[in-house]
Amino acid sequence: IKEVTNKNWVEYGSDNDYFQYLIDRYNGSPTNNAIINGVIDMVYGKGLSATDAAQKPDEYAMMMSLFTKDCVKKVVSDFKMMGNAAIQVIYNQDHSKIVKVEHIPVETLRAERCNEDGFIPAYYYAKSWERVAARKEVPVRIDAFGMSKSGIEILYIKPYKAGYYYYAPTDYQGSLPYAELEEEVANCHISNIKNGLAPSMLINFNNGTPTEEEQTLIESRIADKFSGSSNAGRFILAFNDNKELAATIEPVQLSDASEQYQFLSSECTQKIMVGHRVTSPMLLGIKDQTGLGNNADELKTASILFDNIVIRPLQEVLVS
């Protein structure tokens, strides 16, 4: 998070794309994806309601008309995945009454530098901050909630975190490297499949060194013929003048590769669950032999604990 002298907004991430980094970790890590989806459903529950709805029917009806189910679910989703959320507060013409509340994707917003009183006066909106960086889009300034008499204001939602002022880190910040590692393990397996489940090979040609152009052509032809899962099982046919000049093919294998992959996969799953403070993976549809949740009583205990230490604190920040 840094203030840039020649910009009115505060950047988030080294390339001002940290929100996109979080989205990528959500899309790429199956464990992170499953936990975030499960927590979002638990935090949202059956939607927004009120304990005194029967005593205050008019106020309750007004609240439900302002905060639609779709809006609330999107705000919960942003808050869990990104650690921040935002809504557009829309007023009537004389700014005396809120007439509408709409969700706004938090990744499209950047905070304006705070004023001399220490308050954030506004937020800048851009559909694509990459286009802003490329000078192909100009962000739109929208006043912060309670800081103007404008028809639309931004109410930005974030929990207090020591050392963070403009944006708040996610509650699973510490497990993000493991989410990224889980993606890389999957990419490694995909590459293995695309290469026909064959180990890396060292092919030696023992009949002299061809020109660079010939080397490139030979390499290209071998790659075209034997790379890819559809080429698995193809055989190599070689013609040689004698045994001494025959091409040699030596497999380059990683020792104990399967054990390493299994360790990395298990370690990633465990650390991601620790980062999200998951008391039992079964609560989120993740089958695991460790921790609570191996029987009904333990699962009930884990559910109560998870609700108290994770779900309710998130709900309290959103409704306060």
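Residues numbered from 1 in each chain as written. Predicted model: local features only at pLDDT ≥ 70, side-chain atom pairs only at ≥ 80, totals over all residues. Heavy atoms only, no water.

Okay, the overall build of the chain next. Along its length, the chain carries 9 helices and 10 strands. Looking at the chain as a whole, 34% of its 320 residues qualify as buried. Taking contacts inside the chain between residues at least 6 apart in sequence as the whole, the part at least 24 apart equals 61%. Carbon together with sulfur atoms contributes 53% to the accessible area of the chain, which is approximately 19,800 Å² in total. (Helix = DSSP H or I, 4+ residues; strand = E, 2+ residues; numbered from the N terminus. Buried < 20%, exposed > 50% of the residue type's maximum accessible area, 1.4 Å probe, protein only. Contact = heavy atoms within 4.5 Å. Areas by Shrake-Rupley, 256 points an atom, 1.4 Å probe, with all protein chains shown as cover.)

Let us look at the packing of helix α2 (residues 30–44) against helix α4 (residues 69–82). Interhelical geometry of α2 versus α4 gives an angle of 135° and a closest axis separation of 9 Å. Relative to α4, the element α2 lies oblique. Like other packed secondary-structure pairs, α2 and α4 cross with a definite hand, here right-handed. Taken together, the residues of α4 that come into contact with α2 (itself represented by Ile36, Val39, Ile40, Asp41, Val43 and Tyr44) are Lys69, Val72, Lys73, Val76, Ser77, Lys80 and Met81. (Axes fitted to C-alpha atoms, helices over the stretch in contact; angles between N-to-C directions. Parallel < 35°, antiparallel > 145°, perpendicular 65-115°, else oblique. Left-handed = near helix turned anticlockwise from the far one by under 90°.)

Below, the discussion takes up a negative patch on the surface. Residues Asp15, Asp17, Asp24 and Glu130 make up a contiguous surface patch of negative charge. Tracing the backbone shows Asp17 in the loop between β2 (10–11) and α1 (18–28). (Patch = residues over 30% accessible without salt bridge, like charges linked within 9 Å, V, L, I, M, F, W, Y side chains within 5 Å. Salt bridge = Lys/Arg side-chain N within 4 Å of Asp/Glu carboxyl O. Lys, Arg positive; Asp, Glu negative; His and termini not counted. Charge placed at Lys NZ, Arg CZ, Asp CG, Glu CD.)

A few words on the sheet that holds strand β3 (residues 85–91). Taken in spatial order, the 3 strands of this open sheet run β4-β3-β8, and their pairing is antiparallel. Every interior strand has two partners, whereas the edge strands, β4 (98–103) and β8 (152–157), have only one. Averaged over neighbouring strand pairs, the angle between their axes works out to 25° when direction is ignored. Both β3 and β8 contribute to a ladder of 6 bridges, which runs antiparallel. Opposite Ala86, over in β8, you have Tyr156 as the bridge partner. (Pairing = 2+ DSSP bridges.)

What follows concerns the pairing of β3. Most of β3 sits inside the fold, with 7 of its 7 residues counted as buried. Side-chain alternation along β3 places Ala85, Ile87, Val89 and Tyr91 on one buried face and Ala86, Gln88 and Ile90 on a second face that is also buried. As paired strands, β3 and β4 are joined by 5 bridges and run antiparallel to one another. For Val89, the partnering residue across the bridge sits in β4 and is Val101. Once β3 ends, the chain turns through 6 residues before running back antiparallel as β4, passing His95 with a positive phi of about 60°.

In this structure, Arg135 takes a positive phi of about 60° despite not being glycine. Following the sequence through the fold, Arg135 ends up in the loop between α5 (129–133) and β7 (140–143). Unusually for a residue other than glycine, Arg277 sits at a positive phi of about 60°. For Arg277, the position within the fold is in the loop between α8 (257–275) and α9 (296–319).

Looking at where Lys80 falls in the secondary structure, it is placed in helix α4. On a C-alpha basis, the gap between Lys80 and Tyr172 in space is 9.1 Å, while along the polypeptide they are 92 residues apart. Those residues in contact with Lys80, other than ones at most four positions away along the chain, are Ile36, Val39, Ile40, Asp171, Tyr172, His276 and Leu314. Of note is the side chain of Lys80, whose polar atom sits 3.0 Å from the side chain of Asp171. Polar contacts involving the side chain of Lys80 include one to the side chain of His276, which spans 3.1 Å. (Polar contact = N/O pair within 3.5 Å; in protein donor to acceptor, adjacent residues only side chain to side chain.)

A word on α9. A bend of about 45° at Asp307 is the largest found in α9. Along α9, the positions that sit buried rather than exposed are Ala302, Phe306, Val310, Ile311 and Leu314. The elements touched by buried residues of α9 are α2 and α4. (Bend = angle between axes of the 7 residues up to and from the residue.)

Here we come to the confidence of the model for the chain. Overall, the prediction assigns the chain a mean pLDDT of 87, with 88% of residues at 70 or greater. Per-element averaging of pLDDT across the chain places strand β10 (residues 248–252) at the bottom with 70 and strand β6 (residues 122–125) at the top with 97. (pLDDT = per-residue confidence, 0-100.)

On to the environment of Leu264, then. By the secondary structure assignment, Leu264 is in helix α8. The spacing of Leu264 and Val185 is 79 residues in sequence and 7.6 Å in space, taken between C-alpha atoms.

If you check α4, its first and last C-alpha atoms are 20 Å apart, about what 14 residues at 1.5 Å a residue would give, namely 20 Å. The element α4 is extensively covered by neighbouring structure, given that 10 of its 14 residues are classed as buried. Regarding α4, the residues found buried are Cys71, Val72, Val75, Val76, Ser77, Asp78, Phe79, Lys80, Met81 and Met82. (Expected span 1.5 Å × (residues − 1).)

Reading across from one edge, β5-β6-β7 is the order of the 3 strands in this open sheet, with antiparallel pairing throughout. Two strands lie at the open edges of the sheet, namely β5 (109–111) and β7, each paired on one side alone. Averaged over all neighbouring strand pairs, the angle between strand axes comes to 35°, with direction disregarded. With 3 bridges joining them, β5 and β6 adopt antiparallel strand pairing. Directly across from Leu109, in β6, lies its bridge partner Tyr125.

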